[in-house]
Amino acid sequence: MIEEPAYTGFGFSDEEWGLLVGLPQSVLTAASAAESDGTKATMAEGAAGLETISGGRESASPLVAAVAGEIVTRVGDPEAGEEMPYAEDVLGRAKEASALLAAKVDEGEAGAYRHWLVEIADQVVGAASTGGVLGLGGTEVSPSERRFRDRLSQILND
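Described below are features of the structure shown in this document.

Here is what the cut-offs are and how they apply
Residues numbered from 1 in each chain as written. Predicted model: local features only at pLDDT ≥ 70, side-chain atom pairs only at ≥ 80, totals over all residues. Heavy atoms only, no water. Helix = DSSP H or I, 4+ residues; strand = E, 2+ residues; numbered from the N terminus. Buried < 20%, exposed > 50% of the residue type's maximum accessible area, 1.4 Å probe, protein only. Contact = heavy atoms within 4.5 Å. Patch = residues over 30% accessible without salt bridge, like charges linked within 9 Å, V, L, I, M, F, W, Y side chains within 5 Å. Areas by Shrake-Rupley, 256 points an atom, 1.4 Å probe, with all protein chains shown as cover. Salt bridge = Lys/Arg side-chain N within 4 Å of Asp/Glu carboxyl O. Phe/Tyr/Trp six-rings, centres within 6.5 Å; stacked < 30°, edge-to-face > 60°.

**What about the overall build of the chain?**
Counting its secondary structure elements, the chain contains 7 helices and 0 strands. If you list the helices and strands of the chain from N to C, you get α-α-α-α-α-α-α. Buried positions account for 23% of the 158 residues belonging to the chain. For the chain, the proportion of contacts with a sequence separation of at least 24, taken over those separated by at least 6, is 54%.

Encoded structure:
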């Protein structure tokens, strides 16, 4: 017997469930964009939003817990330092791009593009420290950020 999706127990269609699961991340983005706070504050806002979404799994509301669980299943658990599934997509596309560049442009152009991508990742992961209190202390680059950056660099330079 095929197991029914969790949302059917709540009486939602697939489309309706998609709306409910997508909305928390949209709220996070809209709330963060409501005021241009600068890079560090925006990153902190994003992290706080993701932690709040993840924390919803412990809600007394079965609906909130189910939606939060679905989001964490789809994007990864920030509390566990899991890489987001889209990181794997990005790494796969980076590998495709590297092969494309090798076939279409000279090594100088390909190398410059690959270096630029790693520089972008390096700047993003080093933009704000992780952990600490009120912006003090913490780690400049978290292990999961470092892992992503290093994997990207390895894929692009193999």
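Still to come is the rest of the account.
**Thoughts on a nonpolar patch on the surface**
Together, Y113, W116 and I120 make up a nonpolar patch on the protein surface, roughly 300 Å² of accessible area in all. Mapped onto the secondary structure, Y113 falls in helix α6 (residues 107-125). The class of Y113 is partly exposed, set by a relative accessible area of 36%.

**Side note on the environment of L91**
Summarising the element assignment, L91 is placed in helix α5 (residues 85-104). Once the C-alpha coordinates of L91 and I155 are considered, the two residues, 64 residues apart in sequence, prove to be 7.3 Å apart. In this structure L91 touches F148, R151, L152 and I155, once residues within four positions along its chain are discounted.

**Observations concerning the packing of aromatic side chains**
The relative placement of two aromatic rings is captured by the distance of their centres and the angle of their planes. Counted according to the given criterion, the structure contains 1 aromatic pair. Taking the centre distance of 6.1 Å and the plane angle of 40 degrees together, the rings of F12 and W17 count as tilted. A relative accessible area of 26% means that F12 is categorised as partly exposed. Residue W17 is classed as buried on the basis of its relative accessible area of 2%.

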